[in-house]
Amino acid sequence: MVVGRTICDAVRELSLIVPKRLFFAQNREILFGEKLARKGLREVIDYFDRSVDIRKLAYVMVVRGKMIDALDVPNPHETCPALRIDALMREQWQANHFPPVNLGDFLGLMATEGQEAYCAVVRVERNPTFTLVPRKPFNPAPEPYLDVKIGGAALFRDDKLAGYLNEHETRGLLWTQGKVQGGHLEVPCPHKKGTYVSLNILRSKAQIMPEITRDGRLRVTVKIQEEANLAETDCPIDIGKVETIKRIEALQAKAIEQEVRSAVERAQEYRSDAFGFGAAFHRRYPREWRAMRDLWAEEYFPAVEVKVIADAKIRRTGLRMGPVLRKEVR
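Cut-offs and rules
- Residues numbered from 1 in each chain as written.
- Predicted model: local features only at pLDDT ≥ 70, side-chain atom pairs only at ≥ 80, totals over all residues.
- Heavy atoms only, no water.
- Disulfide = S-S within 2.5 Å.
- Helix = DSSP H or I, 4+ residues; strand = E, 2+ residues; numbered from the N terminus.
- Buried < 20%, exposed > 50% of the residue type's maximum accessible area, 1.4 Å probe, protein only.
- Contact = heavy atoms within 4.5 Å.
- Phe/Tyr/Trp six-rings, centres within 6.5 Å; stacked < 30°, edge-to-face > 60°.
- Pairing = 2+ DSSP bridges.
- Axes fitted to C-alpha atoms, helices over the stretch in contact; angles between N-to-C directions.

Novice: Any chance you could explain the state of the cysteines here in plain terms?
Specialist: In a disulfide, the sulfur atoms of two cysteines are held together by a covalent bond. Tallied over the entire structure, the rule returns one disulfide. Disulfide pairing is shown between Cys189 and Cys235; the S-S distance is 1.8 Å. In this structure the cystine formed by Cys189 and Cys235 twists about its S-S bond by roughly 90°; its chirality is therefore right-handed. Separated by 46 residues along the polypeptide, Cys189 in the loop between strand 6 (184–188) and strand 7 (196–212) and Cys235 in the loop between strand 8 (218–233) and helix 8 (242–270) bring together distant segments of the chain. Classification of Cys189 as buried rests on a relative accessible area of 8%.

See below:
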């Protein structure tokens, strides 16, 4: 580890102890510490924007907690601990637990008027499978005490970290961007309380429609269209009935709407317009936007009325139409 007043200074210090030429073109992730992100990334991000060696395809992430813990956790799956973070980012992004934002997208979000930046979050949590049993020669390597997890989103206001979204709120953000193209969604079973139906999300698209009412209120309507396949039923229901499919689709749409509303409420608390509502008003009402621009984050965005309309469809039910235990169906 090296310390420098600037990134260039740190790179120079690093070259004094590394016997090989430093090569940054193959960097896959850029991790920012939580303390630095809350202080502001404007001066730091300038180096990554100007450098011709760093690719804009590298993913940007914020480490929630200590950076040394995220990079020093033993990794049973990869040789280098940093490769574990890279594998999680590139192989699990379709689960929609975090937003896969690369450097080019992050810089674009920071430069867009009426849009705040956001990125994925890296956390270090206690490993529930860790035990204090001493290792024996014939036993495999023990599980590490800590575990690295990528989940949630970091919301920015200008260039400063404003707060975090959890996994469900993060998917609510991604619904509004039309970026949910996979993963699973669980909805309550319509026939038995306490059981669930799992749906495999296929694709989605979204539309943000801003409106200024006659009395001057700001309103945003978010329309979401989603398609999914039935993945699992935890209750005895007959999928062969049209009314059953309609009830599950209604519950699916309700779950999507709830995730979006929870994400909007959290972002309004942080005054971080990661959804791009301000950019939508800028495009549709350019004259009125001039008066709202300077006070958008502080006054206008927290007061925006958001209406969510989701249209969910089930396309396939798998290899079986009815339940396994048909005699239990009511």
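Once the structure has been displayed, the description carries forward.
Novice: Would you mind going over the environment of Phe301 with me for this structure?
Specialist: Residue position: Phe301 is located in the loop between helix 11 (296–300) and strand 9 (305–316). A relative accessible area of 0% means that Phe301 is categorised as buried. Spatially, the C-alpha atoms of Phe301 and Arg271 are 6.8 Å apart, while their sequence positions differ by 30 residues. In this structure Phe301 touches Ala267, Gln268, Arg271, Ser272, Asp273, Phe275, Phe277 and Trp296, once residues within four positions along its chain are discounted.

Novice: Help me understand the packing of aromatic side chains in this model?
Specialist: By convention here, two paired aromatic rings are described through the distance between centres and the angle between planes. Taken as a whole, this structure holds 10 aromatic pairs when the rule is applied. Between Phe281 and Trp296, the aromatic rings sit 5.7 Å apart at their centres with planes inclined by 55°, giving tilted as the arrangement. Of this pair, Phe281 sits in helix 9 (residues 277–284) while Trp296 sits in helix 11, and the two are 15 residues apart along the sequence. Assessed through its relative accessible area of 0%, Phe281 is described here as buried. Trp296 sits in the buried class, given a relative accessible area of 5%. Connected via pairs of aromatic rings, a cluster forms that spans Phe275, Phe277, Phe281, Tyr285, Trp289, Trp296, Tyr300 and Phe301.

Novice: Where do I start with the pairing of strand 6 in this structure?
Specialist: Here strand 6 shows one buried face, formed by Leu185 and Val187, and one open face, formed by His184, Glu186 and Pro188. Across five bridges, strand 6 lies against strand 7 in antiparallel orientation. Bridged to Leu185 within strand 7 is Leu199.

Novice: Which parts of the structure should I look at to understand the sheet that holds strand 6?
Specialist: Whether parallel or antiparallel, the strands of a sheet pair through hydrogen bonds between backbone atoms. Reading across from one edge, 6-7-8-9 is the order of the four strands in this open sheet, with mixed pairing throughout. Two strands in the sheet have a free side with no partner beyond their single neighbour: strand 6 and strand 9. With strand direction ignored, the average angle separating the axes of adjacent strands in the sheet is 40°. Contacting strand 6, strand 7 and strand 8, helix 7 (residues 167–177) runs over the sheet at an angle of about 60° to strand 7. Where helix 9 meets the sheet, it contacts strand 7, strand 8 and strand 9, and its direction lies at approximately 40° from that of strand 7.

Novice: Hey, could you run me through unusual backbone geometry in this one?
Specialist: For residues that are not glycine, phi is negative in most cases, and the peptide bond is trans in most cases. Positioned with a positive phi, Asn96 is a non-glycine residue whose angle comes to about 65°. Relative to the assigned elements, Asn96 resides in the loop between helix 5 (81–91) and helix 6 (103–111). Given the relative accessible area of 3%, Asn96 is considered buried.

Worth remembering: the numbers are spatial, not functional.
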